[in-house]
Amino acid sequence: MRILLIASAFNSLTQRVHTELRERGHTVAVELALGDEPVRAAVARMDPQLIVCPMLTRAIPEDVWSTRPVLIVHPGPKGDRGPSSLDWAIHEGAEEWGVTVIQAVEEMDAGDIWASVNFGAPPCGKSELYRGEVADAAVTAVLQAVQRFEGGLFTPEPLDYDRPDVRGRLRPYHAQEFRRIDWAADDTATVLRKLRSADSQPGVLDELYGREYFLHGGHPEDRLRGSTPGAVLATRDGAICRATVDGAVWILQLRPRRTPGGPATFKLPAATVLATELAGVREAPLSPAAAAGRDTWAEIRYREEGAVGFLEFAFPSGAMSTDQCRRLLAAYREAADRPTSLLVLGPSRDFFSNGIHLNVIEAATFPALESWDNINAMDDLVEAILTTTDKFTVSALAGNAAAGGLMLAIAADEVWCRDSAVLNPHYRLMGLYGSEYWTYTLPSRVGEEWAERLTTAALPVGAAQALKLGLVDRTAGGDAEEFRRWVGREAAALARSGELSGRLVQKKRRRAEDEDAKPLAEYRREELGRMHRNFYGSDDSYHRLRRNFVHKVCPVATPEHLTVPIGAPEA
């Protein structure tokens, strides 16, 4: 079928629906919901048989939904209505939630139901839940709805609150009055729910050191305690730990409240924002190995199971600053020195990595210099992985990866990917040439022609296509926890197998042959030469695009590469 996706952003869920529909042979185009006239024009141009809206914050014009089938993906169970569905679910501690695909009608979220899928809601932040369990359920529901529409025999179910399976209700906007933390009364569990329900937007408005900030990210702390609820007890890797009435929580990022007429603000590591005020607050360092057994915030954890080492990292939004790259490099070197034969890299869930940290770069006194330091720190990390010849390395992608973060993943000997992950192997939309040795690793995996196509098309790649292309080596289904267990079993089996020693011999020989043909230093020199021009040259595309990204500047039109209808992916 010809399917038009109308969405407020080409975000992770829209990208996933895009790849899943294409994998099933549908022709798909995207139009951003930037106004009624562009939407009408896109509908007229494509003449779609079906319109699907994976993520929508504004209404579709009546002359579109009244004349065309329009399906809205709502992140709530049957009967749930309102703009803050996930916020309320997390705020109230719901253990089960759902996604419903409904037909667009005049009354918001009140249309006939085409599909509904429930899921268990783990205790995590809203954005993490959205990219994980919500996205999995949404894709299942969308595919079910599309199949039912295509079959022509299904009659959608009218919304009926008398039905026993319709348990949702109309909820108001989740304003700051519901989010505000009462540090003198709220226990740790309540504070965490409030923080997590506001992540990544809009954050929880609060006061620190006499100024107002939006708090982002909430994680428990198992040992630190303080006598004054709300007080900052310690810092760790850019996060701050605040006392509660019965414990403490870690807050990862802050966004200063915008003053009337003042410049726009954006999220940064909390300790960076409060650098002056935290002069007397102690740092509470934690080694990756010690973090593995703790219920506390840690960006990097390391554990071992027999001959397999697991180096896990979790960076907010998948962005990696210069300091974070250097910390991960130090942890990698320690892990590589351990007496294991196989090393698995990657977080237990959510993003693998999205590359350099654009927010930190934007806030720097000299953004070009910080960009240069950041990309070199990324390159140092990738080089360490590429030159590890006495250990087999596996990147385990439980979630999405993009740009330099994906190139970091493919530096490993093998890439194992959850079949719901979305990969973006390109830099072009940020005005960058890219580094991380991609000109060596990407063609080695997919060939020169596909390396060129992937980096210039700037379209997401689903796990199934990535496997066919050789971008990844293995895929597995299930949720994040099931994928993690699968990775553990397969890594242990590979470490025990007799083939591993032979593969390490081949790896060492191949690395020596490749180095003789063209040294890694030469790839790096060429890539960084192009990146230096991106950072310091007369063309300011990168700086303009980065600024627009960080400040969430709404585009004036849908990017042309998204509007072109695209069919099933090639292999």
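Above this text is the structure in question.
Before going into details, it helps to say that this report is about the structure given with it. Note that the structure is a prediction, hence the values are computed from the model and not measured.

Parameters and conventions
Residues numbered from 1 in each chain as written. Predicted model: local features only at pLDDT ≥ 70, side-chain atom pairs only at ≥ 80, totals over all residues. Heavy atoms only, no water. Helix = DSSP H or I, 4+ residues; strand = E, 2+ residues; numbered from the N terminus. Rg over C-alpha atoms; globule rule 2.2 N^0.38 Å. Buried < 20%, exposed > 50% of the residue type's maximum accessible area, 1.4 Å probe, protein only. Contact = heavy atoms within 4.5 Å. Areas by Shrake-Rupley, 256 points an atom, 1.4 Å probe, with all protein chains shown as cover. Lys, Arg positive; Asp, Glu negative; His and termini not counted. Charge placed at Lys NZ, Arg CZ, Asp CG, Glu CD. Phe/Tyr/Trp six-rings, centres within 6.5 Å; stacked < 30°, edge-to-face > 60°. Lys NZ or Arg CZ within 6 Å of the ring centre and 35° of its normal. Salt bridge = Lys/Arg side-chain N within 4 Å of Asp/Glu carboxyl O. Patch = residues over 30% accessible without salt bridge, like charges linked within 9 Å, V, L, I, M, F, W, Y side chains within 5 Å. Polar contact = N/O pair within 3.5 Å; in protein donor to acceptor, adjacent residues only side chain to side chain. Core = buried A, V, L, I, M, F, W, Y, C linked by side-chain atoms within 4.5 Å. Arc of directions from axis to C-beta. Pairing = 2+ DSSP bridges. Axes fitted to C-alpha atoms, helices over the stretch in contact; angles between N-to-C directions.

1. Details of the overall build of the protein
Right, on to step 1. Along the protein, the regular secondary structure elements total 21 helices and 25 strands.
Right, on to step 2. Relative to the compact-globule value of 25 Å for 571 residues, the protein shows a C-alpha radius of gyration of 24 Å, a close match.
Right, on to step 3. With the C-alpha coordinates aligned to their principal axes, the bounding extent of the protein is approximately 65 × 60 × 55 Å.
Right, on to step 4. Scored against the burial criterion, the 571 residues of the protein give a buried share of 58%.
Right, on to step 5. The long-range share in the protein, meaning contacts at least 24 apart out of those at least 6 apart in sequence, stands at 68%.
Right, on to step 6. When the accessible surface of the protein is summed, it comes to about 23,800 Å², and 50% of that surface belongs to carbon and sulfur atoms.
Right, on to step 7. If you average the places of the 66 positive and of the 79 negative side-chain charges in the protein, the two averages end up 1 Å apart.

2. Examining the packing of aromatic side chains
Right, on to step 1. Applying the stated criterion across every chain yields a total of ten aromatic pairs.
Right, on to step 2. With a centroid separation of 5.6 Å and an interplanar angle of 45°, the aromatic rings of Trp 114 and Phe 154 are classed as tilted. With Trp 114 in strand 6 (residues 113-120) and Phe 154 in the loop between helix 5 (126-151) and helix 6 (176-179), this residue pair connects regions lying 40 residues apart in the sequence.
Right, on to step 3. Owing to a relative accessible area of 7%, Trp 114 belongs among the buried residues under this scheme.
Right, on to step 4. When the ring of Phe 535 is compared with that of Tyr 542, the centres are 5.2 Å apart and the planes differ by 55°; the resulting orientation is tilted. Tyr 542 carries the same exposure label as Phe 535, and that label is buried.
Right, on to step 5. Among the aromatic residues, those joined into a cluster by ring pairs are Trp 114, Phe 149 and Phe 154.
Right, on to step 6. A cation over an aromatic ring shows up here: Arg 148 above the ring of Phe 154, its NZ or CZ 4.4 Å from the ring centre.
Right, on to step 7. Across from the ring centre of Phe 310, 4.2 Å away, lies the NZ or CZ of Arg 303, which sits over that ring.

3. Observations concerning helix 20 (residues 541-550)
Right, on to step 1. Turning to helix 20, its buried residues number three or more, namely Ser 541, Tyr 542, His 543, Arg 546 and Val 550.
Right, on to step 2. The elements touched by buried residues of helix 20 are strand 19 (355-356), helix 11 (358-363), helix 12 (367-386) and helix 19 (520-536).
Right, on to step 3. One or two steps after helix 20, the chain reaches Lys 552, where phi turns positive at roughly 55°.

4. Structural notes on the pattern of salt bridges
Right, on to step 1. Enumeration over the complete set of coordinates arrives at 49 salt bridges.
Right, on to step 2. Between Glu 212 and Arg 257 there is a salt bridge, with its nearest N and O atoms 2.8 Å apart. Taken together, the residues Glu 212 in strand 8 (residues 211-216) and Arg 257 in the loop between strand 13 (253-256) and strand 14 (268-269) connect sequence positions 45 residues apart.
Right, on to step 3. For Glu 212, a relative accessible area of 33% gives the class partly exposed.
Right, on to step 4. In this structure Arg 257 comes out as partly exposed when scored by relative accessible area, which is 39%.
Right, on to step 5. The partner of Arg 546 in a salt bridge is Glu 362, with the nearest N and O atoms 2.8 Å apart. Residue Arg 546 is found in helix 20, and its partner Glu 362 is found in helix 11; the two are separated by 184 residues along the sequence. Judged on exposure class, the residue Arg 546 and its partner Glu 362 are both buried.

5. Section: a nonpolar patch on the surface
Right, on to step 1. A contiguous nonpolar surface patch, about 330 Å² in accessible area, is contributed by Phe 366, Leu 369 and Tyr 536.
Right, on to step 2. Looking at where Leu 369 falls in the secondary structure, it is placed in helix 12.

6. Some words on the side chain of Arg 524
Right, on to step 1. If you trace the backbone, Arg 524 turns up in helix 19.
Right, on to step 2. On the basis of relative accessibility, which here comes to 13%, the residue Arg 524 falls in the buried class.
Right, on to step 3. Polar side-chain contacts of Arg 524 include one of 2.8 Å to the side chain of Asp 380.
Right, on to step 4. Within the structure, the side chain of Arg 524 is placed 3.3 Å from the side chain of Glu 383, a separation counted as a polar contact.

7. Considerations on the nonpolar core
Right, on to step 1. By size, the foremost hydrophobic cluster in this structure holds 67 residues, and its most contacted members are Leu 311, Tyr 332, Leu 397 and Leu 423.
Right, on to step 2. No other element matches helix 12, which puts nine residues into this core.
Right, on to step 3. Beyond its immediate stretch of four places on either side in the chain, Tyr 332 contacts Leu 311, Leu 343, Leu 345, Leu 381, Ala 384, Ile 385, Thr 388 and Thr 393.
Right, on to step 4. By size, the runner-up hydrophobic cluster in this structure holds 41 residues, among which are Val 52, Ile 90, Val 99 and Trp 114.

8. What about helix 15 (residues 448-457)?
Given 3.6 residues to a turn, an α-helix orients residues that are three or four positions apart in the same direction.
Right, on to step 1. Listing the buried residues of helix 15 in full gives Trp 450, Ala 451, Leu 454 and Thr 455. Summarising the axial view, the buried residues of helix 15 lie within an arc of 125°, below the 170-degree limit, and thus occupy one face. Exposed residues lying more than 90 degrees from the buried face of helix 15 are Glu 448 and Glu 449.
Right, on to step 2. In the core, the buried residues of helix 15 are packed alongside helix 14 (438-446), strand 24 (461-462) and helix 16 (463-469).

9. Re the pairing of strand 11 (residues 239-243)
Right, on to step 1. The buried fraction of strand 11 amounts to five of the five residues, a majority that puts the element mostly inside the structure.
Right, on to step 2. Taking every second residue as pointing to the same face, both faces of strand 11 are buried, with Ala 239, Cys 241 and Ala 243 on one and Ile 240 and Arg 242 on the other.
Right, on to step 3. Here strand 10 (residues 232-236) pairs with strand 11 via four bridges, running antiparallel. Directly across from Arg 236, in strand 11, lies its bridge partner Ala 239.

10. Thoughts on the side chain of His 174
Right, on to step 1. With respect to the helices and strands, His 174 occurs in the loop between helix 5 and helix 6.
Right, on to step 2. Separated by 3.4 Å, the side chains of His 174 and His 91 make a polar contact.
Right, on to step 3. With near-sequence residues (within four places) excluded, His 174 lies in contact with Ser 84, Asp 87, Trp 88, His 91, Arg 179 and Ser 197.

11. Some thoughts on the environment of Gly 76
Right, on to step 1. Mapped onto the elements of the fold, Gly 76 is located in the loop between strand 4 (70-74) and helix 4 (85-91).
Right, on to step 2. Considered as a pair, Gly 76 and Ser 116 are 40 residues apart in the sequence and their alpha carbons are 8.8 Å apart.
Right, on to step 3. Setting aside chain neighbours within four positions, we find Gly 76 in contact with Ser 85, Trp 97, Gly 98, Val 99 and Thr 100.

12. Here we look at the sheet that holds strand 20 (residues 392-397)
Right, on to step 1. Read across the sheet, six strands follow the order 15-16-18-20-22-25 without closing on themselves; strand pairing throughout is mixed. Across the chains shown, the open sheet's two edge strands, defined by having one partner strand only, are strand 15 (300-305) and strand 25 (474-476). Sheet twist, expressed as the average angle between the axes of neighbouring strands with direction ignored, equals 20°.
Right, on to step 2. Sheet topology places strand 18 (residues 342-345) next to strand 20; four bridges connect them, and they run parallel. Its bridge partner lying in strand 20, Val 344 is registered against Val 394.

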